[in-house]
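# Architecture and fold: a report
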Amino acid sequence: MWKWIFALVGLVLALLYNMKVSQQPSVIVTLEKPLPANLSEEDIATFRRDGFILKKGIVAGDQLKGLVTAGENLYQSHSLLDLVFAPSFAKLAMQVWRQNPEFARVAFQSSFPSITAKLMGEEDPIRILKDGFFGFKGKSNVGCGFHVDDKVFWPARDDSGGVNFWLALSPMRISEGGGIRVVNQSLAQPFADECKQVIREGADYNRTCRMEELSPSCHERLLANSVVYDMEPGDALIWDRWTFHRSEPFQVETNEHKLRYTIRYVPASATAEGRL
């Protein structure tokens, strides 16, 4: 009974948050063309084979410095979503590009849109579907287990492809934890559809992060085929919409927090479905 009460409270708070965001004025940014896609043929082949690539220093210089500062300020702020996702993350914010010019510049004017178009082979315009800012703190947060994004974080029909950018805003060390783990060749794994169904059954969003609990066998198979990297601020993991990933638990006792910014891009032809 309590599970349903908490779920209802969480839904109400999330709806109130969405109302709050929709009522806030969008930031005004003088838009320029996105930077060109700095991708090699090897990068493209790796993405299509493995479902992801790691790009070092993809955001750098003053742009990175401004983004990290904006991220630290956002981490120290308070919102309703902090209550909804408190067990998982110390901070979670969505549609950040609408509220902060530093995030908007990265979302629109970095190489991210151009990279998405090239990886997807798209000549049509690319759109931002949704972004998310996460603060992950010590062992007080559990993060999210192996999953593909549900209709809260990927509010588009399943036949709509797309690319997710996971941008580190803090140093990520394998030995410390707090980063991200991705499953190699998720789309080719024979158990991918089975494991996807485990967390998507009945469109119950409370299942999304509970792979290890709901299917220990799926969890173990995904873990055995996954990789994790040391990353510096400005490095990005770029993965296909259907690539399994999970938060990497902290391995050490610490009060330190790790910040990351994620942006999901889709073709202009994608159809919205879910919680925008």
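Reference entry: report on the structure contained in this document. Predicted model only: the values in this text are computed from it and were never measured.

### What about the overall build of the protein?
- For the protein, the count of helices and strands is nine helices and nine strands.
- For the protein, the residues scored as buried account for 50% of the 276 residues in total.
- Carbon and sulfur atoms form 54% of the exposed surface of the protein, whose accessible area is close to 13,300 Å².

### Things to note about the sheet that holds strand 6 (residues 226-228)
- Overall, antiparallel pairing links the three strands, which are arranged 6-5-8 in an open sheet. On the outer flanks of this sheet lie strand 6 and strand 8 (245-247), each paired with one strand and no other. The sheet shows a mean angle of 25° between the axes of neighbouring strands, taken without regard to direction.
- Across three bridges, strand 5 (residues 180-183) lies against strand 6 in antiparallel orientation.

### A word on the environment of Pro267
- Along the polypeptide, Pro267 turns up in strand 9 (residues 257-267).
- As for Pro267 and Gly162, which are separated by 105 residues in sequence, their C-alpha atoms are 6.9 Å apart.
- Setting aside its immediate chain neighbours within four residues, Pro267 contacts Met120, Glu122, Pro125, Ile126 and Gly161.

### A few points about the sheet that holds strand 1 (residues 52-55)
- The antiparallel open sheet is built from six strands, whose spatial order is 1-7-4-9-3-2. Every other strand in the sheet has two partners, leaving strand 1 and strand 2 (91-94) as the edge strands with one partner each. On average, each strand axis in the sheet is tilted by 15° relative to the strand beside it, whichever way the strands run.
- For strand 4 (residues 163-168) and strand 9, the ladder comprises six bridges, and the chain directions are antiparallel. Following the sheet pairing, Asn164 is matched in strand 9 by Arg264.
- Of the strands in this sheet, strand 1, strand 4 and strand 7 (236-240) are in contact with helix 2 (residues 41-50), which crosses strand 1 at around 140°.

### Digging into helix 5 (residues 101-109)
- Along helix 5, the positions that sit buried rather than exposed are Phe103, Ala104, Val106, Ala107 and Gln109.
- The inward-facing, buried residues of helix 5 contact helix 3 (61-76), helix 6 (112-120), strand 3 (126-137), strand 4 and strand 9.

### Describing the pattern of salt bridges
- Enumeration according to the criterion identifies 19 salt bridges in this entry.
- Here Glu102 makes a salt bridge to Arg105, at a shortest N to O gap of 3.8 Å. With a gap of three residues between them, Glu102 and Arg105 both fall in helix 5, about one helical turn apart.
- When its relative accessible area of 26% is taken as the criterion, Glu102 is described as partly exposed.
- Overlapping salt bridges bring together Lys151, Asp158, Arg200 and Glu273 as one network.

About the criteria used
- Residues numbered from 1 in each chain as written.
- Predicted model: local features only at pLDDT ≥ 70, side-chain atom pairs only at ≥ 80, totals over all residues.
- Heavy atoms only, no water.
- Helix = DSSP H or I, 4+ residues; strand = E, 2+ residues; numbered from the N terminus.
- Buried < 20%, exposed > 50% of the residue type's maximum accessible area, 1.4 Å probe, protein only.
- Areas by Shrake-Rupley, 256 points an atom, 1.4 Å probe, with all protein chains shown as cover.
- Pairing = 2+ DSSP bridges.
- Axes fitted to C-alpha atoms, helices over the stretch in contact; angles between N-to-C directions.
- Contact = heavy atoms within 4.5 Å.
- Salt bridge = Lys/Arg side-chain N within 4 Å of Asp/Glu carboxyl O.

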